[in-house]
Amino acid sequence: MNGASELNGPAVLVVDDEAGMRDTLVAILEHHGYRVWSAPDGETAFSAVQERAFDVLVMDIQLPGRDGVSVLEEMGRPPPRVILMTAYAAEDRLRAAADAYVFAVLSKPFELRRMLSLVAQASRDKK
Amino acid sequence: MTGSNTPRANSMTGKWVKRWPLRPLSTVILLVLAAVAAASSLITQNVIADQERLILREQTAEVAAVVGSAFAGAQSSLQLLGEIARSDQDRPQLFANAARAVTTASTQGWLVTTQSGTSLRVTAAAGNGPVVGQALSSDQGTLARRALSAKGLVSGLVRDGRTLRLAFALGEAAGPGTVVWQESAISPTTPTPTGPTSPWHSLNIAIYLSDHPDPSALVVTTTKDLPLAGVQYPFRVGADTWLIVASSPKSLVGSLGQDMPWIVLGFGAVTAVLMTAVLETLGRRRDYASALVEERTASLQSAIAEREAAQANLSRQENMAAIGQLAATVGHELRNPLAVVMNVLYLMKVGSEAAANDPIHRHLATAEREISAATLIVSDLLDYAAGRGPILAPVEICDLVAEALSVAPPPDGVQVVQRGEPQVVDVDRDQIRQALLNLITNGYDSMPGGGVLTVSTTSVPGSAQITVTDTGMGMDEETRDSIFTPFFTKKTRGIGLGLAVTKRVVEAHGGTIAVQSMPAAGSSFTLTLPVLASMVSAPQ
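Sequence order as written defines the numbering, with residues in each chain counted from 1. Think of it this way: whatever chain is written first is A, whatever ligand is written first is 1, and the rest follow in order. Reporting of local features is limited, given that this is a predicted model, to residues whose pLDDT is at least 70; pairs of side-chain atoms are given and counted only at 80 or more, and all residues count toward the totals for whole chains, interfaces and linings. Calculated side-chain values reflect all of the structure's heavy atoms, with hydrogen atoms and water omitted.

Draft legend 1. Examining the overall build of chain A more closely. Scanning chain A for helices and strands turns up 6 helices and 5 strands. The way it works is that DSSP assigns letters per residue, a run of H or I at least four long becomes a helix, a run of E at least two long becomes a strand, and they are numbered from the N terminus. When its helices and strands are written in sequence order, chain A yields α-β-α-β-α-β-α-β-α-β-α. Categorising residues by exposure relies on relative accessible area from a 1.4 Å probe, with only protein chains included: less than 20% of the type maximum marks a residue as buried, more than 50% marks it as exposed, and the intermediate range marks it as partly exposed. With 127 residues in all, chain A has 52% of them scored as buried. In chain A, once contacts between residues fewer than 6 apart in sequence are set aside, the share between residues at least 24 apart is 62%. Contacts: residue pairs with any heavy atoms within 4.5 Å of one another.

Rendered as structure tokens:
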């Protein structure tokens, strides 16, 4: 199933330092026909965004090294749609980021159905 | 009748109580002192009256002594005249001369009578009275016989035509069978006032020739107002008993003595009033002081209680803060693993090649539901420990309800029904979803034997309502009153924060939560949320 949609689905970058979360999210998104890349930290994510144009970024706000907000601030144009994941209650910084760059915020643990619908919506709007 | 009497009596008593200005102790003191004053006044009055009587008696005795001594003089005069008459029987002129020498008043008469057989006749005479040879009157005869038998001075009143005479007769003074007399005309009913120089001029005096105040025996009086009410003093005159009756029209102890009872009464009354006033003042001051002390004590106690409560509150807050910190840390660390497991369950479900009726799907649903319950507990705990204000965004609530229902699939035997038209409300999606999840999982838990869970959304003016109804065991009133209290739970699992957090979330949205429930008749929770974001004053 992955292979069938691999070449023409929307490009999604999953950024999370937790391997379990990262891997399961990649698997789920691939199952739903997206082309998925992943990065374990902000630095790698930033390099990936520079290298390739993504339709959607699904990114944890808290990352080792550069955090999600810092990556967002330096991202080139045209920026991908960003879905930010957070395990924390809303903070002022998150609110500011949400207003400036973010398509949606997902509180962990989130419903996969909602995550999938947001990713679908973001990639559809992008086209 | 009694019915109409009682209220009036009560109202009178009430009026009396309202008007009476003294405290009971002061009242008693006032009454006691007033009684003492009255008693002292009465005693003084009695003492003064006794004194008065004593003085009157003394003065009366003096009068009696003076009168008695005057009559004693009369007796010796009669004795002397008797001797003269005896020695000079044939010369009455000598007697007459001697008698004139002792005469002190023109009305006085002197005579000697001699018994001859049964008759008495005058054998010598001088002054104003019977003459020699004259027979005696019956009064005189009676007196003469008494004088002879008494062999001493006797006295009596002798009526001689219109004239009344006071007669003293001394028997045997001029030899056997003789009586020597002195008579003087008197007019007893005409008052004889005492002169101003007399020591007894303040007294009213009546003298009787009798041992009782017999009007016919009156000899002399100083007043017309007879009989006198006063001291009776009998005294001897020769062989007879006379009586002096004396009274005092004016006070004998002086005006001060007369006024003394009133002075005592007045002084006592003034003392009573002053003492009462002083006691009342002191009493009121003491009452005021003790009321003040009570008030201060009470305010001090309440201040202490407040401080203790504040301290307890502070330490509870500190405890809660510590618990909250711990809960936030643990909860946060649990979120990721729970989310990963949820993802894995999803992958297993979509990747499973087992047939739709394979039990593996039921097991996966159970695992999903349990992970969802665990996640909800963590979320409630985090929210309770560090609740945040809602971040409002337009949300279609039917979609939100569907999402919540999909997260927590119903257990076996429970049928889920969702009703209602789509409508958009400004809410914090995560918070309201958490609230709905709490209500939905509570509904599942109340139907262990299966049932129907209905989630309906309705539109009311300005608000949206979401009602979660189950057909489960329901609640009694006591439970219903406690369900929103944090850490209250009747379930075997859960920590009792679900409904407390739900209520807080809904109220932070400016909404309300209502519950209807009866034992064995299911429960129904209704969330009412304002549609407009501007209606919410969310805490930041």
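Having seen the model, we can carry on.
Draft legend 2. View of the pairing of strand 4 (residues 81–86) of chain A. Residue and element names in this part refer to chain A. For strand 4, the buried fraction is high: 5 of the 6 residues fall into the buried class. For two strands to be treated as a pair, DSSP must find no fewer than two bridges joining them. The sheet contact formed by strand 4 and strand 5 (residues 104–107) spans 4 bridges and is parallel. Opposite T86, over in strand 5, you have S107 as the bridge partner.

Draft legend 3. Structural context of the interface of chain B and chain A. On the side of chain A, 23 residues touch chain B, which itself brings 24 residues to the contact. Between chain B and chain A the total buried area reaches about 2,200 Å² when both faces are included, carbon and sulfur atoms providing 59% of it. The salt bridge definition used is simple: a Lys or Arg side-chain nitrogen within 4 Å of an Asp or Glu carboxyl oxygen. At the surface where chain B touches chain A, the tally comes to 0 salt bridges. The set of elements that each furnish at least two residues to the side of chain B that touches chain A consists of helix 5 (254–351), helix 7 (397–407) and helix 8 (429–445) of chain B. By residue number, the principal contributor to the side of chain B that touches chain A is helix 5 of chain B, which donates 11 residues. A breakdown of the residues in the side of chain B that touches chain A according to their chemical character gives 10 nonpolar, 7 polar and 7 charged. Each of two parts loses accessible area, computed with a 1.4 Å probe, when they are put together; buried area is these two losses added. Three classes are used: nonpolar for Ala, Val, Leu, Ile, Met, Phe, Trp, Tyr, Cys and Pro, charged for Asp, Glu, Lys and Arg, and polar for all others, with Gly counted as polar.

Draft legend 4. Looking closely at a negative patch on the surface. Within the patch definition used here, like charges are joined within 9 Å and nonpolar side chains (Val, Leu, Ile, Met, Phe, Trp, Tyr) within 5 Å, considering only residues with over 30% relative accessible area and no salt bridge. To measure how exposed things are, a 1.4 Å probe is used in the Shrake-Rupley method; for residues, cover is taken only from the protein chains shown. Positive charges are assigned to Lys and Arg, negative charges to Asp and Glu, while His and the chain termini are left out of the count. Taken as the charge location is NZ of Lys, CZ of Arg, CG of Asp or CD of Glu. Where like charges cluster on the molecular surface, the negative patch consists of D476(B), E477(B), E478(B) and D481(B). Of the residues examined, D481(B) reaches a relative accessible area of 59% and is grouped as exposed.

Draft legend 5. Spotlight on empty space enclosed by the protein. All names here are of chain B. Both cavities and pockets are sets of points on a 1 Å grid over the protein atoms alone; in a cavity a 1.4 Å probe fits but cannot get out, in a pocket the set is open with protein on both sides within 12 Å along at least five of seven lines, and lining residues sit with an atom within 4 Å of a point. Grid points are joined across faces, edges and corners, and a volume is the space filled by probe spheres set on the points. Overall, the coordinates contain 1 cavity of 30 Å³ or more when judged by the stated rule. One number sums up the size of the largest cavity: a volume of about 50 Å³. Ranked by the residues each element gives to the lining of the largest cavity, the list is headed by helix 5, at 3 residues. Looking at the lining of the largest cavity residue by residue, the classes come out as 5 nonpolar, 2 polar and 1 charged.

Draft legend 6. How the structure looks around the nonpolar core. Residue and element names in this part refer to chain B. Among the nonpolar cores identified, the biggest contains 37 residues, and F168, I205, F235 and W242 are the most heavily contacted of them. Of all the secondary structure elements, the ones that give two or more residues to this core are helix 2 (24–87), helix 3 (92–102), strand 1 (108–116), strand 2 (119–127), strand 4 (163–171), strand 6 (204–208), strand 8 (231–237) and strand 9 (240–247). Discounting residues that sit within four places of it in the chain, F235 has contacts with A64, V67, G68, I207, D240, T241, W242, L243 and I244. Residues L400, V427, I513 and L529 belong to the second largest nonpolar core, which totals 36 residues. Buried Ala, Val, Leu, Ile, Met, Phe, Trp, Tyr and Cys residues that are joined via side-chain atoms within 4.5 Å together make up what is termed a nonpolar core.

Draft legend 7. How the structure looks around the packing of aromatic side chains. All names here are of chain B. Aromatic pairs are defined between Phe, Tyr and Trp rings, using the six-membered ring for Trp, whenever the two ring centres lie within 6.5 Å; interplanar angles under 30 degrees are classed as stacked, those over 60 as edge-to-face, and all others as tilted. By the definition in use, this model includes 3 aromatic pairs over all chains. Between F168 and W242, the aromatic rings sit 6.0 Å apart at their centres with planes inclined by 10 degrees, giving stacked as the arrangement. Taken together, the residues F168 in strand 4 and W242 in strand 9 connect sequence positions 74 residues apart. This pair shows no difference in class: F168 is buried, exactly as W242 is. Where F235 meets W242, the ring centres are 6.3 Å apart and the plane angle is 55 degrees; that geometry is what we call tilted. No difference in accessibility class separates F235 from W242, as the two residues are buried. Chaining the aromatic ring pairs together yields one cluster made of F168, F235 and W242.

Draft legend 8. Molecular detail of unusual backbone geometry. Unlike most non-glycine residues, A520(B) shows phi in positive territory, near 65 degrees. Examined against the element boundaries, A520(B) turns out to sit in the loop between strand 15 (512–517) and strand 16 (523–530).

Draft legend 9. Spotlight on helix 2 (residues 19–31) of chain A. All names here are of chain A. How far a helix is expected to stretch is found by multiplying one less than its residue total by 1.5 Å. With 13 residues, helix 2 should cover 18 Å at 1.5 Å per step; its first-to-last C-alpha distance of 18 Å lies within 8% of that length. Along helix 2, the residues classified as buried are M21, R22, T24, L25, V26, I28 and L29. Phi turns positive one or two residues past the end of helix 2, at G33, with a value near 95 degrees.

Remember that the coordinates give geometry; whether it matters functionally is a separate question.
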